[in-house]
Amino acid sequence: MFRKSVQPLMAFTKACGSVHNRSLYSAAALGLEGYEAYREKTRTQHLHNVDNFKRKMRDFVSGSSTNMIFTDDLKNIIHLIDNTPEDKQLLKDTIERYNQQGKELRFGNYVFGPVIMRACHHLGDADLALDLFKGASGADGFFDQLTSYQLLGDMLYEKGRYQEVRELFDAIKSRQIQGGRFPKHCITLTFAACYKENTPESFQYAMDLWKELNAVGHVPMRKATAFAAALALNHGKPEIAVEILGTVTKGNYVTVRQLKTLALCTLNRLEDVVPIFRSVLEVKGPFEKQQTFCREVIERVQESVKQAKEANASMTLQDLERMVEFLDTNGQIVNEKLDTMLCSEIVSTGQRTDGRSNLADSYNNRGGRYQQQQQQQQQRNFRPTKKYQQQRPGLSEMN
């Protein structure tokens with residue numbers, strides 16, 4: 001009986017999966033603005049000799065050449081690459097030659113992995129990113145940064161290659177990149193991919209992952225929790241959805257409360273929907289943002305109320321009907337789809353007021369090293385205790 005009740009949400013997922021997908025993370029959150037700013041700067045510096053520089057680098061990476069590839073050479077290639085087969089091959093060859101050179105010849109600590117992944121993201125070429133990632137597997141951690149994995153996972157997600165997102169996450173767990181098996185943003189991408197894929201295999205994978213996270217006391221981001229709960233609803237498991245959503249400290253979060261409402265309707269627990277509606281209708285201050293419900297969720301509630309009234313009318317049902325009227329009168333019912341809200345881009349809270357990314361100013365010398373240092377510092381500061389601190393991480397630390 002659950003399958004029939006959750007059919008609307010499944011329909012949204014199928015519709016969403018049938019069209020071109022968008023990135024789960026915004027350009028600012030992924031540091032793409034910083035890459036593009038430095039790309040423009042590099043191109044300006046090489047304005048009159050870009051073609052000559054590329055021609056010289058092709059000579060350098062040829063089999064007969066003994067010329068060294070310096071760090072600045074690779075940096076320039078990454079930021080001058082165009083969306084052509086010749087340039088992409090040049091990037092591959094330059095990375096291969098650079099990694100073949102002895103590490104004793106490198107005195108800088110520029111981290112190339114995230115920057116290369118941003119270049120591939122800029123070009124919209126997930127195949128190139130995956131080829132480079134696999135090709136450098138033996139290059140002593142060339143792409144072993146959580147930011148590199150996040151960027152690659154986001155590209156695969158955007159292209160609808162959801163199974164490969166799962167495979168990428170398995171690689172992260174097996175390698176324990178930067179000292180962690182469960183990086184929060186990669187977890188969110190994985191649950192998002194499972195939700196989009198919406199198959200029995202992806203559902204089982206997501207539930208196994210949730211149990212694994214729960215066993216070690218890891219609290220996923222709200223977005224990841226919402227994806228896991230929505231997937232459970234899609235597969236006729238509203239009781240699992242309620243349990244998953246119960247782990248969220250702030251239950252009035254827009255997608256959380258609506259998914260919980262759908263799950264409770266499916267379970268015929270309409271009396272538990274009343275406090276959810278009441279919390280939205282209560283006005284706590286003149287500057288508080290008005291909270292809303294999707295029209296499709298309200299229609300699902302109305303359908304459940306109608307079915308329940310045919311069996312036995314009660315005060316609870318009358319309360320719900322009045323609350324729906326109030327929501328409608330107050331303009332708190334919106335036409336936006338729940339799936340659209342759920343799949344909306346994650347935007348970095350570290351954006352500046354001038355619209356630029358902080359990465360744009362720090363990109364020149366640090367490359368991906370800044371993100372790596374931040375993640376390593378977080379690992380050093382983490383002190384596990386017998387009882388895991390239930391504090392939900394945000395996006396403020398991500399550049």
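Residues numbered from 1 in each chain as written. Predicted model: local features only at pLDDT ≥ 70, side-chain atom pairs only at ≥ 80, totals over all residues. Heavy atoms only, no water.

Labelled according to an unreviewed UniProt entry, the protein chain appears under the name Pentacotripeptide-repeat region of PRORP domain-containing protein, originating from Anopheles dirus.

Axis separation between helix 6 (residues 85–100) and helix 8 (residues 126–135) bottoms out at 11 Å; the angle between their running directions is 15 degrees. When the axis of helix 6 is compared with that of helix 8, the two are roughly parallel. Note on packing geometry: the crossing formed by helix 6 with helix 8 is right-handed. Residue-level inspection shows Lys88, Leu91, Lys92 and Ile95 of helix 6 in contact with helix 8, the latter providing Leu128, Asp131 and Leu132. Of the residues that constitute the contact of helix 6 with helix 8, the class distribution is four nonpolar, no polar and three charged. (Axes fitted to C-alpha atoms, helices over the stretch in contact; angles between N-to-C directions. Helix = DSSP H or I, 4+ residues; strand = E, 2+ residues; numbered from the N terminus. Parallel < 35°, antiparallel > 145°, perpendicular 65-115°, else oblique. Left-handed = near helix turned anticlockwise from the far one by under 90°. Contact = heavy atoms within 4.5 Å. Nonpolar A, V, L, I, M, F, W, Y, C, P; charged D, E, K, R; others polar.)

Here the focus is the pattern of salt bridges. Note on pairing: side chains with opposite charge can pair once their charged atoms come close. For the coordinates displayed, the defined rule picks out 17 salt bridges. For Lys88, the salt bridge identified is with Asp125, shortest N-O distance 2.6 Å. Here Lys88 is found in helix 6, whereas its partner Asp125 is found in the loop between helix 7 (113–123) and helix 8, with 37 residues between them in sequence. The residues Lys88 and Asp125 share a single accessibility class, namely buried. We note a salt bridge from Lys337 to Glu296, for which the minimum N-O separation is 3.7 Å. Residue Lys337 is located in the loop between strand 2 (333–334) and helix 19 (338–342), and its partner Glu296 is located in helix 17 (residues 295–311); the two are separated by 41 residues in the primary sequence. For Lys337, a relative accessible area of 42% corresponds to the partly exposed category. Connected through shared salt-bridge partners, Arg39, Arg43, Lys54, Arg58, Asp82 and Asp87 make up one network. (Salt bridge = Lys/Arg side-chain N within 4 Å of Asp/Glu carboxyl O. Buried < 20%, exposed > 50% of the residue type's maximum accessible area, 1.4 Å probe, protein only.)

Packing of helix 17 against helix 18 (residues 315–329) brings their axes to within 10 Å, and their N-to-C directions diverge by 155 degrees. Comparing their axes, helix 18 and helix 17 come out roughly antiparallel. Taken as a pair, helix 17 and helix 18 cross one another with a handedness that is left-handed. Taken together, the residues of helix 18 that come into contact with helix 17 (itself represented by Ile298, Gln302, Val305, Ala308 and Lys309) are Leu317, Leu320, Glu321, Val324 and Leu327. Of the residues assigned to the contact of helix 17 with helix 18, the class counts are seven nonpolar, one polar and two charged.

As a further point, take the packing of aromatic side chains. Within the structure shown, the criterion is met by ten aromatic pairs. Ring geometry for Phe112 against Phe142: centres 6.2 Å apart, planes inclined by 20 degrees, an arrangement best described as stacked. Of this pair, Phe112 sits in the loop between helix 6 and helix 7 while Phe142 sits in the loop between helix 8 and helix 9 (146–158); the two residues are 30 residues apart in sequence, bridging distant segments of the chain. For the pair shown, Phe112 and Phe142 are each scored as buried. Clustering of aromatic rings is evident, with ring pairs tying together Tyr98, Tyr110, Phe112, Phe133, Phe142, Phe143 and Tyr149. The positively charged end of Arg166 is found above the aromatic ring belonging to Tyr205, 5.3 Å away from the centroid. Between Arg222 and the ring centre of Tyr253, over which it is positioned, the NZ or CZ distance is 4.1 Å. (Phe/Tyr/Trp six-rings, centres within 6.5 Å; stacked < 30°, edge-to-face > 60°. Lys NZ or Arg CZ within 6 Å of the ring centre and 35° of its normal.)

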